[in-house]
Amino acid sequence: SLKLANSYGMQANYHMNCQDHQKAILTFEKAKSMFFNEKLYFRYTQCLVLQSQCYIVSNLIDEARNNLEKALKFSRQFENPIMDGKIFFNLAQIYMIDQKYDLAKESIDDSIDIFQELNNKAMLSQLYVMQGNLYIEINKVNKAARSLKKAQKYSRRIESDKMESKINTLSERVNQLL
């Protein structure tokens, strides 16, 4: 039933926020199949995207990639920029892990375009940190420094200490390379 599917979705989100990714993955699995059976493809796609984040954190990259490929197919029927942006964000993470930097850059750029349009400072901060990491990996240190300045600008606006410290650590690394 729909109530049960929604309940699983909320439980999975809860487990995800508590960093219990294994439980989240299993609970998203239940929610996904129920939403799919009810033909609620938007909710199904949301579960795919969120579950892929858990897979990435758990280093289950093939499972994450598989979910995101499905999510991309389904997301075409909805005009939901947030979902598209998160799909590109997660794909960028996978491409970074796979050291496919051209594809990572493309996904990061697509995601940045979407989240700039939406003025989503939290996502932009994360994206510019990822972009900074990418530029460090491909030895474009000056570009990395510029990306981190942008990340800092957005993280100050959302007042995230965790993000600030991530940026500072990366900035120190950039300064050593400059």
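Preceding this section is the structure that the text describes.
Q: So what about the packing of aromatic side chains? Which residues, and what values?
A: Counted by the stated rule, this structure contains seven aromatic pairs. Judged by centre distance (5.4 Å) and plane angle (65°), the rings of F36 and Y41 are edge-to-face. Relative accessible area serves as the criterion here: at 34%, F36 is assigned to the partly exposed category. Judged by relative accessible area, which is 23%, Y41 ranks as partly exposed. Taken together, the aromatic side chains of F36, Y41, Y44 and F74 make up a single cluster linked through ring pairs.

Q: Give me the lowdown on the side chain of S107, citing residues and values where you can.
A: If you trace the backbone, S107 turns up in helix α6 (residues 101–117). When its relative accessible area of 6% is taken as the criterion, S107 is described as buried. Once residues lying within four places of it in the same chain are set aside, the contact partners of S107 are F88, L91, A92 and Y95.

Q: Mind laying out the layout of surface pockets, listing which residues take part and the relevant values?
A: In this approach, a probe sized like a water molecule rolls over the atoms, and the result shows the empty space that is left. Estimates place the volume of the largest pocket at around 820 Å³. V57, F89, Q93, Q126 and K166 are the residues nearest the centre of the largest pocket, which is lined by 21 residues in total. Secondary structure elements with two or more residues in the lining of the largest pocket: α1 (2–17), α3 (41–57), α5 (81–97), α7 (121–137) and α9 (161–177). Per element, the largest residue contribution to the lining of the largest pocket is five residues, and it comes from α5. Across the lining of the largest pocket, the residue classes break down as ten nonpolar, nine polar and two charged. Quantified by volume, the second largest pocket comes out at close to 150 Å³.

Q: Requested: an account of the nonpolar core, with residues and values cited.
A: Side chains that are nonpolar tend, in soluble globular proteins, to be buried together. Core analysis: the largest hydrophobic core is formed by 55 residues, its most contacted members being F28, I87, I108 and L134. Top element by residues in this core is α7. It accounts for nine residues. Beyond its immediate sequence surroundings of up to four residues, I87 is in contact with V49, L68, A71, L72 and S75.

Q: Let's hear about the environment of R65: which residues, and what values?
A: Mapped onto the elements, R65 comes out in helix α4 (residues 61–75). For the pair R65 and N90, spaced 25 residues apart in the sequence, the C-alpha separation amounts to 8.7 Å. Leave out the neighbours within four places in its chain, and R65 touches I94 and D98. In this structure the side chain of R65 is engaged in a polar contact, spanning 2.4 Å, whose partner is the side chain of D98.

Parameters and conventions
Residues numbered from 1 in each chain as written. Predicted model: local features only at pLDDT ≥ 70, side-chain atom pairs only at ≥ 80, totals over all residues. Heavy atoms only, no water. Phe/Tyr/Trp six-rings, centres within 6.5 Å; stacked < 30°, edge-to-face > 60°. Buried < 20%, exposed > 50% of the residue type's maximum accessible area, 1.4 Å probe, protein only. Helix = DSSP H or I, 4+ residues; strand = E, 2+ residues; numbered from the N terminus. Contact = heavy atoms within 4.5 Å. 1 Å grid on protein atoms, 1.4 Å probe; cavity = no way out; pocket = protein on both sides within 12 Å on 5 of 7 lines; lining within 4 Å. Points joined across faces, edges and corners; volume = space filled by probe spheres on them. Nonpolar A, V, L, I, M, F, W, Y, C, P; charged D, E, K, R; others polar. Core = buried A, V, L, I, M, F, W, Y, C linked by side-chain atoms within 4.5 Å. Polar contact = N/O pair within 3.5 Å; in protein donor to acceptor, adjacent residues only side chain to side chain.

Shape descriptors only; they carry no functional weight alone.
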